[in-house]
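# Observations on the model geometry
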Amino acid sequence: MQHLINWFEIPTEDINRAADFYSKVLDIPVPVQDLGDLKMAFLPEGFGALVKHPSYTPSYQGPLIYLNGGDDLTQLLERVEPAGGKVLRAKTLVSPQFGFMALFEDTEGNRMALHSRN
């Protein structure tokens, strides 16, 4: 096993708003695909997507997903609030071995995290 995480789905109330938020924070296109009752916006690297479906509910208390913050998560974190989210924890050193993390709330009410080595 190279990666423990195979796939993740981030629930949304408004798929277009969520896609716009993550597009701005990650600085990449996050196109929405309409699959009938299910709407998805695929994130890069093929590991996950934003999802809108009646059986999905955004949650602040669910699992915490750490997104790759690149070499230094500072740039991504600085985009969170202008994109409509909220920074919950500023860039924080976990340890010299593991690097840095930060927490944010997306436009849908999900608590998410960023990680980088620097």
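Scroll up to find the structure.
In every chain, residue numbers begin from 1 and rise along the written sequence. Whole-chain, interface and lining totals are the exception, using all residues; otherwise, since this is a predicted model, local features are given only for residues with pLDDT of at least 70 and side-chain atom pairs are given and counted only at 80 or more. As a rule here, side-chain values come from all non-hydrogen atoms in the structure, and water together with hydrogens is ignored.

### Notes on the sheet that holds strand E7 (residues 99–105)
Picture the strands of a sheet paired through backbone hydrogen bonds; they go either parallel or antiparallel. As a reminder of what qualifies: A strand pair is defined by DSSP finding two or more bridges across the two strands. Only DSSP runs of H or I reaching four residues or more are called helices, and only runs of E reaching two or more are called strands; each is numbered from the N terminus. Orientation is described by axes fitted as lines to C-alpha atoms, over the contacting stretch for helices, and by angles from 0 to 180 degrees between their N-to-C directions.
Spatially, E5-E8-E7-E6 is the arrangement adopted by the four strands of the open sheet, whose pairing is mixed. Each edge of the open sheet is held by one strand with a lone partner, namely strand E5 (66–68) and strand E6 (86–95). Recorded for the sheet is a direction-independent mean angle of 25° between the axes of neighbouring strands. Pairing of E5 with strand E8 (residues 111–116), which is carried by three bridges, proceeds in the parallel orientation. Following the sheet pairing, Tyr66 is matched in E8 by Ala113.

### As for the nonpolar core
Here is the rule: We call a set of buried residues a nonpolar core when its members are Ala, Val, Leu, Ile, Met, Phe, Trp, Tyr or Cys and they connect through side-chain atoms within 4.5 Å of each other. For the exposure calls, accessible area comes from a 1.4 Å probe over protein chains only, and a residue counts as buried if that area is under 20% of its type's maximum, exposed if over 50%, partly exposed in between.
Ile10, Tyr22, Leu50, Leu67 and Phe104 are the most contacted members of the largest nonpolar core, which totals 24 residues. Counting residues per element, the ones that place at least two in this core are strand E1 (8–11), helix H1 (15–26), helix H2 (74–80), E7 and E8. In terms of residue count, H1 provides more of this core than any other element does, seven residues in total.

### Observations concerning the pairing of E7
Taking burial as the measure, the seven residues of E7 include five buried ones, the bulk of the element. What sits between E6 and E7 in their antiparallel hairpin is a turn of three residues. Relative to E8, E7 is paired through six bridges, and the arrangement is antiparallel. The partner of Phe104 across the bridge, within E8, is Met112. Where E7 hands over to E8, the hairpin turn is made up of five residues, of which Gly109 adopts a positive phi near 95°.

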